[in-house]
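Descriptive analysis of the structure
Here is what each chain is made of, one letter per residue.
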Amino acid sequence: MHEFRKKTAYWLNTGALVLLALSVLFLIRMWVRAYIEGSIPQGAWGQYEGNHGPWRERIFLMPWARHGLRWLWWQVLNLQLFAFVIGFISILFKPSKKAVIAACSAFVLGCLFFVTHYWLVD
């Protein structure tokens, strides 16, 4: 039984790290797409003079695009949330320093991402 818990914790921790890496790739994709579409806000960060953020209802300049910038924002946030949950479950199976680092990194990155990017899609 001890070996099962160890292997399960290892794979859960690996899954959490993969989800964190995917969230970084989606974040890069989101900003590249914003650059291509000309949707990067100008002026002071976090201040928008509209009722909602500039990415709330984005009209696509690329007709082949399926999802908007808001959808990409949610995917980054969801991946970081799932990474935290999986990392936490890994800690429950077998506590280890790597699992704590993965779960804490996902939590901190998720909070930081939410605080710095929420105004774009509000």
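One can find the structure itself at the top, above this paragraph.
Rules behind the numbers
- Residues numbered from 1 in each chain as written.
- Predicted model: local features only at pLDDT ≥ 70, side-chain atom pairs only at ≥ 80, totals over all residues.
- Heavy atoms only, no water.
- Helix = DSSP H or I, 4+ residues; strand = E, 2+ residues; numbered from the N terminus.
- Polar contact = N/O pair within 3.5 Å; in protein donor to acceptor, adjacent residues only side chain to side chain.
- Contact = heavy atoms within 4.5 Å.
- Expected span 1.5 Å × (residues − 1).
- Bend = angle between axes of the 7 residues up to and from the residue.
- Buried < 20%, exposed > 50% of the residue type's maximum accessible area, 1.4 Å probe, protein only.
- Patch = residues over 30% accessible without salt bridge, like charges linked within 9 Å, V, L, I, M, F, W, Y side chains within 5 Å.
- Areas by Shrake-Rupley, 256 points an atom, 1.4 Å probe, with all protein chains shown as cover.
- Salt bridge = Lys/Arg side-chain N within 4 Å of Asp/Glu carboxyl O.
- 1 Å grid on protein atoms, 1.4 Å probe; cavity = no way out; pocket = protein on both sides within 12 Å on 5 of 7 lines; lining within 4 Å.
- Points joined across faces, edges and corners; volume = space filled by probe spheres on them.
- Nonpolar A, V, L, I, M, F, W, Y, C, P; charged D, E, K, R; others polar.

Some words on the environment of Leu22
- Its place among the elements puts Leu22 in helix H1 (residues 2-37).
- Between the alpha carbons of Leu22 and Gln75 there is a distance of 9.6 Å; along the sequence they are 53 residues apart.

Considering the side chain of Ser23
- As for its placement among the helices and strands, Ser23 is situated in helix H1.
- In this structure the side chain of Ser23 is engaged in a polar contact, spanning 2.7 Å, whose partner is the backbone oxygen of Leu20.
- Ser23 has contacts with Val76, Leu79 and Gln80, leaving out every residue within four places of it along the chain.

Let's talk about helix H3 (residues 97-121)
- An ideal rise of 1.5 Å per residue puts 36 Å on 25 residues; H3 measures up with 35 Å between its terminal C-alpha atoms.
- Roughly 40° is the biggest bend found in H3, and it falls at Val115.
- Along H3, the residues that are buried comprise Ala99, Ala102, Ala103, Ala106, Gly110, Phe113, His117, Trp119, Leu120 and Val121.
- Tucked into the core, H3 has its buried residues touching H1 and helix H2 (69-93).

What to know about a nonpolar patch on the surface
- Together, Val18, Leu22, Val24, Leu25, Ile28, Val32, Tyr35, Ile36 and Ile40 line one region of the surface with nonpolar side chains, adding up to about 820 Å² of accessible area.
- Positionally, Tyr35 belongs in helix H1.
- Judged by relative accessible area, which is 63%, Tyr35 ranks as exposed.

Focus on the layout of surface pockets
- Volume-wise, the largest pocket comes out at about 200 Å³.
- In this structure, the largest pocket is lined by Lys6, Ala9, Tyr10, Asn13, Ser90, Lys94, Ser96, Lys97 and Lys98.
- For the lining of the largest pocket, the secondary-structure elements that each account for two or more residues are H1 and H3.
- Here the element with the most residues in the lining of the largest pocket is H1; it accounts for 4 residues.
- Residues belonging to the lining of the largest pocket are distributed by class as follows: 2 nonpolar, 3 polar and 4 charged.

Quick notes on H1
- For H1, with 36 residues, the first-to-last C-alpha span of 52 Å sits near the 52 Å given by 1.5 Å per residue.
- Burial in H1 covers these residues: Thr8, Ala9, Asn13, Ala16, Leu19, Leu20, Ser23, Met30, Arg33, Ala34 and Glu37.
- Buried positions along H1 lie against H2 and H3.

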